[in-house]
Every structure is written in C-alpha cells, then in structure tokens.
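Each chain, written out:
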Amino acid sequence: MKLHQFILQKTKSTNDFANRKIKKGIEKGIVLSELQTKGRGQYGKKWISNKGNLFVSVFFKIDNRISIERFTKLNCIKIKKILNFFIKKKIKIKYPNDLFVDNCKICGILQETLFYKDKKFAIIGIGVNIVKSPKIENYPTTYMNNYVKGSIDKKKIFRLIKNSYEMRN
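The shown structure was predicted, so the numbers you read here are calculated from the model rather than taken from an experiment.

Q: Could you clarify how one ought to interpret unusual backbone geometry in this entry?
A: Among all residues except glycine, the phi angle is most often negative; among peptide bonds, the trans geometry is most common. The amide bond that connects Tyr95 to the next residue, Pro96, takes the cis arrangement and shows omega of 0 degrees. With respect to the helices, strands and loops of the structure, Pro96 is situated in the loop between strand E4 (91-94) and strand E5 (98-101). You will see that Asn103, though not glycine, has its phi angle at about 60 degrees, which is positive. Relative to the assigned elements, Asn103 resides in the loop between E5 and strand E6 (104-116). Accessibility expressed as a relative area gives 59% for Asn103, which makes it exposed.

Have a look at this one:
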C-alpha cells in the first residue's frame, strides 16, 4: 500500500489534516508536520508540540469489523519496535496508547476513526518526544535524545513509520 506523503511546516493538527484529505477523496496517506499548533491527545486533551519533536498521522481505509482495541494494541507495538531501533531502553505500553521509558511518557498515539461515504478510515496520530519533553504537571515525560549519544534524525523515524504502514497487509 503506497501512502500519499504530505510534508508541512505547520498545521493545527496532523489528524485534522488527514481528516480533510479523506474528505477530498484521498484514501491513504501520511502527514508530517514540523509544528502543530493545536495538537490533541486522548479525550481532547491538549498535546504539547515542542519544535523538533515528531508529529505524524497515518490514514487509510479499514474493515468495518476490525476490533479497535486490537488495532490500537498493534499500532502501539509497531511504533514501540521502531523506537527501539534507536534507543535500547525498555519501552512499555501504557494502556491504551502511550509509550513509556523509565516511567516517563515518550510517545503518544491518538487513533481516530472516520466514516465517510460508506467507508471506515483509521487516522493514527503519533507524537514522539525526540529533542524535548513537555512539562506536564504531575505527569512525567522524557525524550529520545536523552538515551543516545548524539541526536536522533526524526526524518529517519518518519521513513520507518511510513515503510512499516506501507508494508501492512
């Protein structure tokens, strides 16, 4: 499955951008933005988008019968494996859709579904703290460059995510 690629300097939300593309007839794609001004997490919580971190959304048509719980778990496992390519620390999945290192959030995954023209679409928003972690009261966060010598190339993470979803069955 070849994904249409959208590279943006700035957007309100990569998931919202994906939603608009679906409504314009594009059924599969991947969105990368340098900055999000109104990123969001689960239950409408604000996602703090620090410049230099990774903000990606992948979208495609899915089967109406797919279990969203299973789909969520598979997406978390997929992103966890990609991040483990860069850092060797143990990454834990915190139900339902966060990834943690040393009991600190390093990645959030926001899955949304959209029904449009009798089709069901998945939009998977992925936010990875690479160069900086947001300060959230009573919620510890971390970032990937904390665990490596040098720095991590976010475009390489983006390519691995893109390739991983393009190879999906």
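Q: Just to check I follow, could you spell out the nonpolar core for this structure?
A: Nonpolar side chains tend toward joint burial in soluble globular proteins. Counting 32 residues, the largest nonpolar core has Leu54, Ile79, Leu83, Cys107, Met144, Ile157 and Ile161 as the members making the most contacts within it. Among the secondary structure elements, those contributing two or more residues to this core are strand E2 (29-33), strand E3 (54-62), helix H2 (68-84), E5, E6, strand E7 (119-128) and helix H3 (154-166). With ten residues, the next largest nonpolar core counts Phe17, Ala18, Phe121 and Ile123 among its residues.

Q: So what exactly am I meant to see when it comes to a positive patch on the surface here?
A: A surface patch of like charges, here positive, comprises Lys12, Arg20, Lys24 and Lys38. Inspection of the secondary structure puts Lys24 in the loop between helix H1 (14-23) and E2.

Q: I would appreciate a short explanation of the packing of aromatic side chains in the present structure.
A: In the structure shown here, the tally under the stated rule is six aromatic pairs. Aromatic pair Phe85 and Phe86: ring centres 5.2 Å apart, planes at 80 degrees, arrangement edge-to-face. Taking relative accessible area as the criterion, Phe85 reaches 48% and is therefore assigned partly exposed. A residue is classified by how much of its surface remains accessible, and Phe86, at 15% relative accessible area, is buried. One aromatic cluster is present, built from ring pairs that chain together Phe6, Phe17 and Phe59.

Q: Would you mind going over the packing of H2 against H3 with me for this structure?
A: The relative placement of two packed helices comes down to the angle between their axes together with the axis-to-axis distance. One way to put it is that H2 packs onto H3 with a least axis distance of 10 Å and a crossing angle of 140 degrees. Relative to H3, H2 is oriented oblique. Every pair of crossing elements has a handedness; the one defined by H2 and H3 is right-handed. In contact with Asn75, Lys78, Ile79, Ile82 and Leu83 of H2, H3 contributes Ile157, Leu160, Ile161, Ser164 and Tyr165. For the contact of H2 with H3, the per-class residue count stands at seven nonpolar, two polar and one charged.

Q: What exactly am I supposed to notice about the environment of Lys89 here?
A: As for its position among the elements, Lys89 is in the loop between H2 and E4. Under the relative-accessibility criterion, Lys89 is labelled partly exposed at 34%. Ignoring sequence-local partners within four residues, the contact set of Lys89 consists of Asn84, Val101, Asp102 and Tyr147.

Q: Would you take a moment to explain the sheet that holds E3 for this structure?
A: In spatial order, the strands read E1-E2-E3-E7-E6-E5-E4; together these seven strands make up an open sheet with mixed pairing. With one partner strand each, in any of the chains shown, strand E1 (4-8) and E4 form the two edges of the open sheet. With direction set aside, neighbouring strand axes in the sheet form an average angle of 20 degrees. Sitting on the sheet, H1 is in contact with E1, E2, E3, E6 and E7, with an inclination near 30 degrees to E3. This element, H2, spans E3, E4, E5, E6 and E7 of the sheet and lies at about 140 degrees to E6.

Parameters at a glance
Residues numbered from 1 in each chain as written. Predicted model: local features only at pLDDT ≥ 70, side-chain atom pairs only at ≥ 80, totals over all residues. Heavy atoms only, no water. Helix = DSSP H or I, 4+ residues; strand = E, 2+ residues; numbered from the N terminus. Buried < 20%, exposed > 50% of the residue type's maximum accessible area, 1.4 Å probe, protein only. Core = buried A, V, L, I, M, F, W, Y, C linked by side-chain atoms within 4.5 Å. Patch = residues over 30% accessible without salt bridge, like charges linked within 9 Å, V, L, I, M, F, W, Y side chains within 5 Å. Areas by Shrake-Rupley, 256 points an atom, 1.4 Å probe, with all protein chains shown as cover. Salt bridge = Lys/Arg side-chain N within 4 Å of Asp/Glu carboxyl O. Lys, Arg positive; Asp, Glu negative; His and termini not counted. Charge placed at Lys NZ, Arg CZ, Asp CG, Glu CD. Phe/Tyr/Trp six-rings, centres within 6.5 Å; stacked < 30°, edge-to-face > 60°. Axes fitted to C-alpha atoms, helices over the stretch in contact; angles between N-to-C directions. Parallel < 35°, antiparallel > 145°, perpendicular 65-115°, else oblique. Left-handed = near helix turned anticlockwise from the far one by under 90°. Contact = heavy atoms within 4.5 Å. Nonpolar A, V, L, I, M, F, W, Y, C, P; charged D, E, K, R; others polar. Pairing = 2+ DSSP bridges.

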